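Topology and contacts: notes
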Amino acid sequence: MATDSLAEDGIRSVTVTGAGGVPLHVLDAGPEDAPAVVLLHGFAQSARSWLHQLAAPGPIRVVAPDLRGHGHSGKPDSAYLDERVWADDVAAVIEELRLDRPVLGGWSYGGLVALDYIAVHGDSALSGLLTVDASLLAGVPGAERMFGADFVALLPELTDDDEGTTAEARRKLLDVSVERPLAADTARTLLDASLRTPPRVCAALLQRPLDRSGTAAGVTVPWLAVQGDRDRVVTPAALDHIAAVRPTAQAQLWEGTGHSPFLEEPERFNHQLTAFVGRSVSGA
C-alpha cells in the first residue's frame, strides 16, 4: 500500500492493490481508530463526490475509493462484468486499511458494487449498509421503472467515443444528478472527475445485467436507504423496491432533493451518516 497526503482538509491519499493487481486510489479522512464508513461513488464519478463528507468526517473515519475504471484508479481493458472483481476490490480496501467492521455505503452504481461485495463475501465483516439513490436492478426486466427518462436519454452519448460528445454528455449527467444547484467549484470538481472515466468503461458498466433483490433480502446488518424524491436518475420506485425486499431497512425519502443528497444537503447528510455509523458499530 503506497501512501501520500493531500494538504487540503487533512485528507489522506493511499493506493490499494485491487483484484488482478489494479491500483485503486483511495481518499481517507478522520481518526484512524474511529468507527469507519467506506463510501463508493456512482457511475462515471470518483471519490471526490464525497468531499463534503471527507472534509468534515467528525467522530468517524470516512474512506472513499475511486472504483476501477474511474478517477485516479487503474483502468484495465476488461473485467468490468465480473461481480467478484468488484467485490474483491472492496475487500482489498477494507483489508489493506485494516478497517474493523466498517459500514459500507454506495451511491447509485456504487450501491450495486456494495451489493456485489455482499453477494460474494457476505456481510459478516460489516457493521451496516448505506445506499443512496441506488437501484437493486439494472439491465433486467423491471429495471426500466427504476431509472428516469432524462438519464436514459443520455446513455448513448455517455458511451460515445467522440471527445466533444463525451464532455457534453458528462455535463448533462451532472445537471440531471442534482435538483439543488451546486457551488461552481464543486460542479467543476465533479465534471473533471467524470471526464476521467473512459466511454468504454461506461459501456461495460451498462452491459451488466443485475438483480440484487436476493442479495438484498439476505442482508443481516442495519441498512439505511436514502432517496431524493426529485431524483431524475434513479426514481423513488427504487426505494420502494428496497423497502419491499428488505422491510427492516430504514428507508428515507428526502423531499426536494435530487440524485445527490450528500452534495445537495451535506450538513443533513453528514448528521445522518455519523449517527448511522455510530449506531451500527455500537450495535444500538
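Computed from a prediction, not measured in an experiment: that's the story for all the values here. Per-chain numbering applies: the sequence of each chain, read as written, is numbered from 1 onward. Owing to the predicted nature of the model, reporting of local features is limited to residues with pLDDT of at least 70; listing and counting of side-chain atom pairs is limited to 80 or more, with chain, interface and lining totals taken over all residues. Only hydrogens and water are set aside when side-chain values are computed; all heavy atoms of the structure are taken into account.

1. Details of the pattern of salt bridges
Put simply, the rule reads: By definition here, a salt bridge exists when the distance from a side-chain nitrogen of Lys or Arg to a carboxyl oxygen of Asp or Glu is within 4 Å. The secondary structure listing takes helices from DSSP runs of H or I that are at least 4 residues long and strands from runs of E that are at least 2 residues long, numbered from the N terminus. A simple rule labels every residue: compare its accessible area, found with a 1.4 Å probe on the protein chains alone, to the largest value its type can have, and call it buried under 20%, exposed over 50%, or partly exposed in between.
In this structure the tally under the stated criterion is 15 salt bridges. In this structure, the salt-bridge partner of Arg 12 is Asp 28, at a minimum N-O distance of 3.1 Å. One end of the pair, Arg 12, is in strand β2 (residues 12-17); the other, Asp 28, is in strand β3 (residues 23-29), with 16 residues separating them in the sequence. One salt bridge in this structure joins Arg 171 and Glu 168, with 2.5 Å as the shortest N-O distance. Separated by three residues within a single helix, Arg 171 and Glu 168 lie in helix α5 (residues 163-176), roughly one turn from each other. On the accessibility criterion, Arg 171 (35% relative accessible area) is partly exposed. A residue is classified by how much of its surface remains accessible, and Glu 168, at 32% relative accessible area, is partly exposed. A network of salt bridges, in which partner residues are shared, links Arg 12, Asp 28, Glu 32 and Arg 61.

2. Points about the confidence of the model for the chain
Here is the rule we go by: Scored from 0 to 100, pLDDT reflects the predictor's confidence in each residue. When checking whether two residues touch, look at their non-hydrogen atoms; a contact exists if any pair is within 4.5 Å.
Mean pLDDT over the chain: 95, with 96% of residues reaching 70 or higher. pLDDT under 50 marks residues 2-7. Its contacts with residues more than four places away, or in other chains, come to 12 contacts.

3. Observations regarding the packing of aromatic side chains
Note the threshold: Pairing of aromatic rings covers Phe, Tyr and Trp, the last counted by its six-membered ring, and requires centre-to-centre distances within 6.5 Å; plane angles under 30 degrees mean stacked, over 60 mean edge-to-face, and any other angle means tilted. Lysine and arginine charges are scored as sitting over a ring when NZ or CZ, respectively, is within 6 Å of the ring centre and within 35 degrees of the ring normal.
All chains considered together, the criterion is met by 10 aromatic pairs. For the pair Trp 50 and Trp 107, a centre-to-centre distance of 6.5 Å together with 80° between the ring planes defines the contact as edge-to-face. You can see Trp 50 sitting in the loop between β4 (36-40) and α1 (51-54) and its partner Trp 107 sitting in strand β6 (residues 103-107), a full 57 residues away along the chain. Accessibility assignment for this pair places Trp 50 and Trp 107 in one class, buried. Across from the ring centre of Trp 254, 3.8 Å away, lies the NZ or CZ of Arg 268, which sits over that ring.

4. Overview of the side chain of Ser 13
Put simply, the rule reads: In protein, a polar contact means a hydrogen-donor-capable atom and an acceptor-capable atom, both N or O and within 3.5 Å, with residues adjacent in sequence counting only if both atoms are side-chain atoms; elsewhere, any N or O pair within 3.5 Å suffices.
With respect to the helices and strands, the residue Ser 13 is situated in strand β2. A distance of 2.8 Å separates the side chain of Ser 13 from the side chain of His 25, its partner in a polar contact.

5. Notes on the nonpolar core
Here is the rule: Joining through side-chain atoms within 4.5 Å is the link that ties buried Ala, Val, Leu, Ile, Met, Phe, Trp, Tyr and Cys residues into a set, and such a set is a nonpolar core.
In terms of nonpolar packing, the biggest core is built from 60 residues, with Leu 40, Phe 43, Leu 104, Tyr 117, Leu 129, Leu 173 and Trp 223 touching the most fellow members. Per element, the largest residue contribution to this core is seven residues, and it comes from helix α3 (residues 109-121). Excluding its chain neighbours within four sequence positions, the residues that come into contact with Leu 129 are Val 103, Leu 104, Ala 114, Leu 115, Ile 118, Val 219, Val 221, Pro 222, Trp 223, Leu 224 and Phe 276. Counting 26 residues, the second-largest nonpolar core is a separate cluster that includes Val 37, Trp 50, Leu 130 and Val 132.

6. Quick look at the pairing of strand β11 (residues 250-254)
Using the following cut-off: By definition, two strands form a pair when at least two bridges between them are found by DSSP. A crossover counts as right-handed when, viewed with the strands pointing away from the observer, the path leading from the first strand over the helix to the second turns clockwise.
Bridging between strand β10 (residues 223-228) and β11 involves five bridges; their strand directions are parallel. Within the sheet, the bridge partner assigned to Gly 228 lies in β11 and is Trp 254. Between β10 and its parallel partner β11, the chain crosses via helix α9 (residues 237-245), and the hand of that crossover is right-handed.

7. Digging into the environment of Arg 246
Secondary-structure assignment places Arg 246 in the loop between α9 and β11. Sequence separation between Arg 246 and Val 219 is 27 residues, and the spatial gap between their C-alpha atoms is 7.9 Å. In this structure, Arg 246 is in contact with Ala 216, Ala 217, Val 219, Thr 220 and Trp 223, ignoring residues within four places of it in sequence.

8. Quick look at the packing of helix α2 (residues 83-96) against α3
Threshold: Geometry is summarised by axes, namely lines fitted to C-alpha atoms with helices restricted to the contacting stretch, and by angles between N-to-C directions that run from 0 to 180 degrees. Any angle that is under 35 degrees is reported as roughly parallel, and any over 145 degrees as roughly antiparallel; angles of 65 to 115 degrees are reported as roughly perpendicular and all others as oblique. Ten residues, namely Ala, Val, Leu, Ile, Met, Phe, Trp, Tyr, Cys and Pro, are considered nonpolar, four, namely Asp, Glu, Lys and Arg, are considered charged, and the remaining ones, Gly among them, are considered polar.
Between α2 and α3, the shortest axis-to-axis distance is 8 Å and the interhelical angle comes to 90°. As the angle between them shows, α2 and α3 are arranged roughly perpendicular. On α3, the residues touching Glu 83, Arg 84, Trp 86, Ala 87, Asp 88, Val 90, Ala 91 and Ile 94 of α2 are Val 113, Asp 116, Tyr 117, Ala 119, Val 120 and His 121. Residue composition of the contact of α2 with α3, by class: nine nonpolar, one polar and four charged.

9. Observations regarding the environment of Leu 81
With respect to the helices, strands and loops of the structure, Leu 81 is situated in the loop between β5 (61-65) and α2. Residue Leu 81 is classed as exposed on the basis of its relative accessible area, which comes to 52%. With residues up to four places along the chain from it excluded, the contact list for Leu 81 reads Ala 204, Gln 207 and Arg 208.

10. As for the packing of helix α4 (residues 149-158) against α5
How we decide: Here a crossing is called left-handed whenever its near helix is offset anticlockwise from the far helix by less than a right angle, and right-handed whenever the offset is clockwise.
Viewed as axis vectors pointing N to C, α4 and α5 meet at an angle of 160°, and their least axial separation amounts to 9 Å. Accordingly, the angle class assigned to the pair α4 and α5 is roughly antiparallel. Seen along the crossing, α4 lies across α5 with a hand that is left-handed. Contact residues: Asp 150, Phe 151, Leu 154, Glu 157 and Leu 158 in α4; Thr 165, Thr 166, Ala 169, Arg 170, Lys 172, Leu 173 and Val 176 in α5. Taken together, the residues that form the contact of α4 with α5 break down as six nonpolar, two polar and four charged.

11. Things to note about the environment of His 41
Within the element layout of this structure, His 41 appears in the loop between β4 and α1. Given the relative accessible area of 0%, His 41 is considered buried. For His 41 and Tyr 109, which are 68 residues apart along the polypeptide, the C-alpha to C-alpha distance reads 7.2 Å. Setting aside anything within four residues of it in sequence, one finds His 41 in contact with Ser 46, Ala 47, Ser 49, Trp 50, Pro 65, Asp 66, Leu 67, His 70, Trp 107, Tyr 109 and Gly 110.

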